[in-house]
Amino acid sequence: MSENCPCTSGKAFAECCAPFLRGEQFPPTPEALMRSRYSAFCTGEVDYLLQTHLPEMQSPDEESQIRATIANTQWVQLEVREARSAGDTGVVEFIAYYRDGRGPGQLHERSNFIRKNDRWLYVDGTHLPASKPQRNDPCWCGSGKKFKKCCG
């Protein structure tokens, strides 16, 4: 049995994000790149995260920030809300659910992407307000319980 991809595509990791993380293929769309970057955070692939972020948009301490996030965060689920592209630009809105030292949380972001030299790159993102789950919704942490009986 193969391991499911962390990006929650429903595909096996080996057929989904792993070829991107290993450098065997380039993600064909902004959504595929965003999903592979999420998987990279889940699996600790710092080099991939740096290579897929537009260099001129990286902060001087980008690598140390990524390493700190990976060390202190357990990513539990990804929800892609919208993905679109036109020409060499793309936008993906997503919610990445996580647990850290403060408890459960979410990163709700609208990310911008650009295609340069036939490769999609993450440019930047705008943080959006947190999504409010309903009490009877399945819990986003993947426990199988209702939100109100778990993280709610």
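Shown above is the structure to which this text applies.
Residues numbered from 1 in each chain as written. Predicted model: local features only at pLDDT ≥ 70, side-chain atom pairs only at ≥ 80, totals over all residues. Heavy atoms only, no water.

Enquirer: I tried to follow the pairing of strand β2 (residues 89-100) on my own but got confused; where do I start?
Expert: In terms of burial, β2 is a largely internal element, nine of the 12 residues being buried. Bridge count between strand β1 (residues 74-86) and β2: 11 bridges; the pairing is antiparallel. In the strand pairing of β2, V80 is matched with F94. Taking the residues between adjacent antiparallel strands as the criterion, β1 and β2 are bridged by two residues, where G87 takes a positive phi near 65°. In this sheet, strand β3 (residues 103-116) lies alongside β2 in antiparallel orientation, the contact comprising 12 bridges. Each residue of the ladder has a partner; that of V92, found in β3, is S111. Once β2 ends, the chain turns through two residues before running back antiparallel as β3. (Buried < 20%, exposed > 50% of the residue type's maximum accessible area, 1.4 Å probe, protein only. Helix = DSSP H or I, 4+ residues; strand = E, 2+ residues; numbered from the N terminus. Pairing = 2+ DSSP bridges.)

Enquirer: Is there a simple way to explain the pairing of β3 in this structure?
Expert: Across eight bridges, β3 lies against strand β4 (residues 119-127) in antiparallel orientation. Paired with R115 across the two strands is W120, which belongs to β4.

Enquirer: Would you mind going over the pattern of salt bridges with me for this structure?
Expert: Pairing between side chains becomes possible if they bear opposite charge and their charged atoms approach one another. In total, this model carries nine salt bridges according to the counting rule given. Residue R35 pairs with E31 through a salt bridge whose shortest N-O separation is 3.0 Å. Placement of both R35 and E31 in helix α2 (residues 30-43) is noted, with a separation of four residues, approximately one turn of the helix. Here R81 makes a salt bridge to E79, at a shortest N to O gap of 2.6 Å. Residue classification places R81 among the partly exposed residues on the basis of a relative accessible area of 40%. (Salt bridge = Lys/Arg side-chain N within 4 Å of Asp/Glu carboxyl O.)

Enquirer: Honestly, the nonpolar core in this entry has me stumped. Any pointers?
Expert: Across soluble globular proteins, nonpolar side chains show a tendency to be buried alongside one another. In this structure, C7, L78, A96 and F113 are the most contacted members of the largest nonpolar core, which totals 28 residues. Looking at this core, the elements with two or more residues in it are α1 (18-21), α2, α3 (46-51), β1, β2, β3 and β4. At five residues, the largest contribution of residues to this core is made by α2. Not counting chain neighbours up to four residues away, the residues in contact with F113 comprise P30, L33, M34, D88, T89, G90, V92, W120, L121, Y122 and V123. (Core = buried A, V, L, I, M, F, W, Y, C linked by side-chain atoms within 4.5 Å. Contact = heavy atoms within 4.5 Å.)

Enquirer: What is the right way to look at the environment of T43 in this model?
Expert: Along the chain, T43 falls in helix α2. Every residue in contact with T43, bar those within four places of it in the chain, is listed here: P6, F13 and L21. At 2.9 Å, the side chain of T43 forms a polar contact with the backbone oxygen of S39. (Polar contact = N/O pair within 3.5 Å; in protein donor to acceptor, adjacent residues only side chain to side chain.)

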